[in-house]
Amino acid sequence: MDEPLLRRDLLRLGTTEAEIRAALRTGRWTGLRPGVYLETGDERLRFASTRHATLVEATFPTLAPGAVVSGPSAAVRHGLPVWGVPLTTVHVTRDRVSGGRGGPRLRVHASPLPADDVVDVRGIPTTSVARTVVDLARTAPFETAVAVADAALHRHLVTPDRLCDAVLAACGRHGVGRARAVVAFADARADGPGESRSRVRMARLHVARPVLQHPVLDGRGHRIGVVDFWWPDHGVVGEFDGLGRYGRPGHPGDNAADAVVREKRREDALRARPGVRTVVRWTWDDLDDFAAVAQRLPRAA
């Protein structure tokens, strides 16, 4: 993949200021930040995470030695989902007790950085997964931090014990109580930010705790599928539809009608199983006001 276009390199190789301005004005190039550009059709511009990852890679070489990518920037580099946090600012930490500073494009944190908290990610020093999760848990909204912690556990990038150790190491730092709550709530079975957010909303609205990722078998013992949420005492299946109205990714050659038919058959098969009384579905939009969905789910005792 091509490196980002850097203004200093462009000028050194003969591109003029006027040509740079023209490329930006006509939309040929898109600026990641002043002095850093990508071709407008570059795939890395499609998603906030890939855009931010590119911004980190372009920014890091300009920093003085000792910087370690941290916080949301580290989460992106570890491939963790960062929902609900702006990705316009690169975050780094320096191993010192004071001297942090912030700006619209670069935020420098000052904090102790033991050697175990720093790993190499594709040639750039980055806080470890455990340290990254706990740093975000101390500073980010609870739902965001839970989504990151769930993903780190689900992908086997960190263990629960390692997260607990990282919380203990953070004692005395701002927000460590929130980090402790996030780590206690995190669950490796949650498969994606939508399911993580759903779990948080359920807990806040006093929904009974579900079983996550429950396999459902047909009468011959063949797996029908794995449901996102299951309340066995109530016979309720819960499904988070993270890809729009018709749910999961289509098969090759599928159209919307194919997806509808496939999901209808799957849901009919679920409803036909002994013990399944109802299937409740919700989408991203429903998470913003989850109360109506929560009323259809079992209540906590």
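Above this text is the structure in question.
Residues numbered from 1 in each chain as written. Predicted model: local features only at pLDDT ≥ 70, side-chain atom pairs only at ≥ 80, totals over all residues. Heavy atoms only, no water.

## Section: helix 7 (residues 160-169)
Every buried residue of helix 7 is listed here: Leu 163, Ala 166 and Val 167. The buried residues of helix 7 occupy one face: seen down the axis, they fall within an arc of 100°. For helix 7, the exposed residues lying more than 90 degrees away from the buried face are Asp 161, Leu 168 and Ala 169. In this fold, the buried residues of helix 7 make contact with helix 5 (129-139), helix 6 (142-154) and helix 8 (176-185). (Buried < 20%, exposed > 50% of the residue type's maximum accessible area, 1.4 Å probe, protein only. Helix = DSSP H or I, 4+ residues; strand = E, 2+ residues; numbered from the N terminus. Arc of directions from axis to C-beta. Contact = heavy atoms within 4.5 Å.)

## A short note on the nonpolar core
Formed by 32 residues in total, the largest nonpolar core has its most connected members in Leu 80, Val 133, Val 158 and Leu 163. Broken down by element, the residue count for this core peaks at seven residues, all from helix 6. In contact with Val 158, not counting residues within four places along its chain, are Val 129, Ala 130, Ala 152, Leu 153 and Leu 163. (Core = buried A, V, L, I, M, F, W, Y, C linked by side-chain atoms within 4.5 Å.)

## Topic: the pairing of strand 10 (residues 223-231)
The pairing of strand 9 (residues 211-217) with strand 10 spans six bridges and is antiparallel. Looking at strand 10, one finds that Leu 212 is bridged to Phe 229. As judged from the three bridges shared by strand 10 and strand 11 (residues 236-241), these two strands associate in the antiparallel manner. In the strand pairing of strand 11, Trp 231 is matched with Val 236. In sequence, strand 10 turns back onto strand 11 through a hairpin of four residues, with Gly 235 there showing a positive phi of about 70°. (Pairing = 2+ DSSP bridges.)

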